[in-house]
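Each chain, written out:
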Amino acid sequence: MFSYTNNLKSINLTNFNTSKVTSMAYLFQGCSSLESIDLSSITMLNSAMGSAFKSTFAYDIKLKNVNLSNLIPINVPNGTFSSTFKGCTALTHNPINISAIESISDRAFQETFSNSGLSGTISFDSLRIASSPNGQGKFGSCFARTPNLEEISFPVLEQGVNVGSASVPGRAYFSSIA
């Protein structure tokens, strides 16, 4: 709908009715001038949406403010947030309300913040991450090439959980908890 709309600087979708939307994948991808977006009208992530936010804001290099404050992603299916903020170099914080997430499918956060401007500490402490039968990573390359990110905090993981390749420059590298 808005992909590669290069002159779009901000958009307010507070009255945007998403009750019948099945995917927002690629919706704002490549909007190189987009700095701010209000999507607070989105309240629930339908688990049937699959890759609902895949690459939604990917490569929006000036994006600083994303309001997803009312989004409650209870069950996060495969690929839901894959590459969502990839290449958003001006984005310094995590706009996803992770405290409400109850379960995560494989590859749910694959490359979500890779090549982004995330800085400081990001916490996933509230997540309950269970092992998956196929052993695929849930956070594969999620934070790849985020040089300003100092720390990632995960909860105590169950035996056999594979969070995927995750590393922070200058910090430990991990791929699974045995």
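Just so we're clear, the structure is a prediction, and the values are computed from it rather than from any experiment. (Residues numbered from 1 in each chain as written. Predicted model: local features only at pLDDT ≥ 70, side-chain atom pairs only at ≥ 80, totals over all residues. Heavy atoms only, no water.)

(A) Inspection of the overall build of the chain at higher detail. Looking only at helices and strands, the chain has zero helices and nine strands in total. In the chain, buried positions account for 47% of the 178 residues. Here the contacts in the chain between residues at least 6 apart in sequence split such that 79% fall between residues at least 24 apart. With the model as given, the accessible surface of the chain reaches about 8300 Å², and the carbon-plus-sulfur share is 47%. (Helix = DSSP H or I, 4+ residues; strand = E, 2+ residues; numbered from the N terminus. Buried < 20%, exposed > 50% of the residue type's maximum accessible area, 1.4 Å probe, protein only. Contact = heavy atoms within 4.5 Å. Areas by Shrake-Rupley, 256 points an atom, 1.4 Å probe, with all protein chains shown as cover.)

(B) Focus on the nonpolar core. Counting residues in hydrophobic clusters, the biggest one holds 34 residues, and the most contacted among them are Phe28, Phe57 and Phe85. Discounting residues that sit within four places of it in the chain, phenylalanine 85 has contacts with Phe57, Val66, Leu68, Leu91, Pro95, Ile96, Thr112, Phe113, Ser114 and Ser116. (Core = buried A, V, L, I, M, F, W, Y, C linked by side-chain atoms within 4.5 Å.)

(C) Summary view of the environment of serine 114. Considering the arrangement of structural elements, one finds serine 114 in the loop between strand 5 (103–104) and strand 6 (120–123). Each C-alpha atom of the pair serine 114 and phenylalanine 85 lies 7.4 Å from the other, and the pair is 29 residues apart in sequence. Contact partners of serine 114, with chain neighbours within four places excluded, come to Phe85, Lys86, Gly87, Ser141, Cys142, Ala144 and Arg145.

(D) Fine view of the packing of aromatic side chains. Per the counting criterion, the structure on display carries six aromatic pairs. Summarising the aromatic geometry, the rings of phenylalanine 53 and phenylalanine 81 are spaced 5.6 Å apart at their centres and angled 15° between planes, so their arrangement reads as stacked. With phenylalanine 53 in the loop between strand 2 (36–38) and strand 3 (65–67) and phenylalanine 81 in the loop between strand 4 (75–76) and strand 5, this pair connects stretches of sequence that are 28 residues apart. Note on accessibility: phenylalanine 53 and phenylalanine 81 belong to one class, buried. Arranged with centres 5.6 Å apart and planes meeting at 5°, the rings of phenylalanine 85 and phenylalanine 113 form a pair that is stacked. (Phe/Tyr/Trp six-rings, centres within 6.5 Å; stacked < 30°, edge-to-face > 60°.)

(E) Here's a closer look at unusual backbone geometry. Within the chain, tyrosine 59 stands out as a residue other than glycine whose phi angle is a positive 65°. Here tyrosine 59 shows up in the loop between strand 2 and strand 3. A positive phi angle is found at serine 83, which is not glycine, with a value near 60°. Mapping serine 83 onto the fold places it in the loop between strand 4 and strand 5. Here serine 83 falls in the buried class, since its relative accessible area comes to 10%.

(F) The sheet that holds strand 1 (residues 10–12), seen in detail. Strand order in this open sheet of three strands is 1-2-3, and the pairing throughout is parallel. Every other strand in the sheet has two partners, leaving strand 1 and strand 3 as the edge strands with one partner each. Pairs of neighbouring strands in the sheet enclose a mean axial angle of 5°, with direction left out of account. (Pairing = 2+ DSSP bridges. Axes fitted to C-alpha atoms, helices over the stretch in contact; angles between N-to-C directions.)

(G) Geometry of the pattern of salt bridges. Overall, the coordinates contain one salt bridge when judged by the stated rule. One salt bridge connects glutamate 111 with lysine 86, and the closest N-O pair in it is separated by 2.5 Å. Taken together, the residues glutamate 111 in the loop between strand 5 and strand 6 and lysine 86 in the loop between strand 4 and strand 5 connect sequence positions 25 residues apart. Overall, the relative accessible area of 16% leaves lysine 86 in the buried class. (Salt bridge = Lys/Arg side-chain N within 4 Å of Asp/Glu carboxyl O.)

(H) Main features of the side chain of lysine 86. Of the polar contacts made by the side chain of lysine 86, one reaches the side chain of glutamate 111; its length is 2.5 Å. Discounting chain neighbours no more than four positions away, the residues touching lysine 86 are Phe57, Ala58, Tyr59, Glu111, Thr112, Ser114 and Asn115. (Polar contact = N/O pair within 3.5 Å; in protein donor to acceptor, adjacent residues only side chain to side chain.)

(I) A look at the confidence of the model for the chain. With 61% of its residues at a pLDDT of 70 or more, the chain has an overall mean of 74. Summarising per-element confidence for the chain, the mean pLDDT is lowest in strand 9 (residues 173–174) (40) and highest in strand 2 (87). (pLDDT = per-residue confidence, 0-100.)

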